[in-house]
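Coordinates in review
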Amino acid sequence: MNSDKNSMVAQTQTQTQSLAVVIGASGGLGAALQAQLERDGHHAQVLGLGRRTDPGIDFSQEASIASAAQAVAEVCAAANLELRLLIVATGFLHGASGQPERSWANLDVGYLEHVFKINTLGPGLVMKHFFPLLPKQGRCVAGFLSAKVGSIGDNALGGWYGYRASKAALNQLVKTASIELTRRNRQSICVALHPGTVSTALSEPFAKTGLNVRPAPEAARDLLAVLEALTPQDTGGLVDYLGQKLPF
Ligand SMILES: NC(=O)c1ccc[n+]([C@@H]2O[C@H](COP(=O)([O-])OP(=O)(O)OC[C@H]3O[C@@H](n4cnc5c(N)ncnc54)[C@H](OP(=O)(O)O)[C@@H]3O)[C@@H](O)[C@H]2O)c1
């Protein structure tokens with residue numbers, strides 16, 4: 001009886017709680033996702049990371065991704081937390097490095113390098129440095145903000161060569177990593193997410209009338225509900241904000 005009681009005390013003391021990390025927390029969707037996670041209270045701690053946080057993550061510097069992962073590992077060890085939810089909400093479509101292309105005539109190496117660095121290589125390096133922190137047992141979820149325009153099967157309009165290609169390549173990284181992650185943890189889920197058209201700085205110049213442009217808090221609620229409902233059978237897919245599986 002006494003020993004049962006002692007083992008229960010030991011179990012309570014060693015029980016871990018969950019940590020959710022949002023990378024790209026300064027963005028329209030990232031900030032809304034972090035705020036919604038904090039409101040939900042499903043995770044003992046929610047950590048938002050970005051270029052201006054401490055530790056900071058800048059996809060131009062792999063060392064910053066490695067250091068941030070190390071810092072998260074230390075937070076987990078100190079507070080007995082496990083990284084159960086990882087959301088990568090970073091992305092680039094337009095800015096100082098250029099604009100999305102209407103034609104092959106507009107293809108520009110500088111823009112292409114930048115769009116691939118932010119939309120593909122950065123998330124890939126997040127896999128490299130953060131996936132080892134995901135628990136080897138029990139449900140854990142990694143969601144990468146992608147886009148329906150990255151779907152090759154769905155491409156009927158053309159244009160946006162670099163953005164489309166960088167997201168198609170991200171989807172392939174997600175699929176490939178999901179297979180490796182399942183070998184490590186059969187309860188793991190790793191997906192690419194399409195948030196719909198959402199009112200943020202990224203979509204602002206392109207949010208034409210006629211498009212269903214939704215506020216970021218609404219999109220964040222939908223995406224978190226989708227992530228919660230996913231099962232390990234869904235891993236590796238591209239899923240939209242309604243939970244519909246989209247073609248690659
Ligand atoms: N909004 C839409 O309609 C829509 C539609 C489909 C898919 N998506 C996807 O959803 C995701 C989030 O988009 P959003 O609309 O929230 O865009 P956003 O408001 O422009 O946010 C972009 C995020 O990416 C970060 N970022 C940019 N360059 C970076 C770098 N070098 N290193 C690290 N982080 C960097 C930004 O950080 P800083 O604040 O430091 O610049 C910011 O946190 C993207 O993957 C986007 O492609 C959005």
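Further up the page is the structure itself.
The structure reproduced in this document is the subject of the present report. (Residues numbered from 1 in each chain as written. Predicted model: local features only at pLDDT ≥ 70, side-chain atom pairs only at ≥ 80, totals over all residues.)

Close to the ligand lie 28 residues; Gly27, Leu29, Gly91, Thr200 and Leu202 are nearest. Listed by contribution, the elements that provide at least two residues to the shell around the ligand are helix H2 (28-40) and helix H4 (109-130). The element that contributes the greatest number of residues to the shell around the ligand is H2, accounting for three residues. Per-class residue counts for the shell around the ligand are 12 nonpolar, 13 polar and three charged. (Near = placed C-beta within 6 Å. Helix = DSSP H or I, 4+ residues; strand = E, 2+ residues; numbered from the N terminus. Nonpolar A, V, L, I, M, F, W, Y, C, P; charged D, E, K, R; others polar.)

Between its first and last C-alpha, helix H5 (residues 161-184) extends 35 Å over 24 residues, near the 34 Å set by a 1.5 Å rise per residue. Every buried residue of H5 is accounted for by Gly162, Tyr163, Arg164, Ser166, Lys167, Ala168, Leu170, Asn171, Val174, Ala177, Ser178 and Leu181. Lining the buried residues of H5 we find H4, strand E4 (140-145), strand E5 (188-194) and strand E6 (238-240). (Expected span 1.5 Å × (residues − 1). Buried ≥ 20, exposed ≤ 12 C-beta atoms within 10 Å, placed from the backbone. Contact = placed C-beta atoms within 7 Å.)

With that settled, the discussion passes to unusual backbone geometry. Here the amide bond leading from Asp54 into Pro55 is cis, since omega sits at 0°, within 30 degrees of zero. Positive phi values are uncommon outside glycine, yet Asn80 reaches one of about 55°. Mapped onto the elements of the fold, Asn80 is located in the loop between helix H3 (62-79) and strand E3 (81-88). Non-glycine residue Trp160 carries a positive phi angle of around 50°. Structurally, Trp160 is set in the loop between E4 and H5.

What follows covers the environment of Thr90. Relative to the elements of secondary structure, Thr90 occurs in the loop between E3 and H4. Judged by local crowding, Thr90 falls into the buried class, with 25 C-beta atoms found within 10 Å. Along the primary structure Thr90 and Gln36 are separated by 54 residues, whereas in three dimensions their C-alpha atoms are 17 Å apart. Setting aside anything within four residues of it in sequence, one finds Thr90 in contact with Ile23, Gly24, Gly27, Phe59, Ile118 and Gly122.

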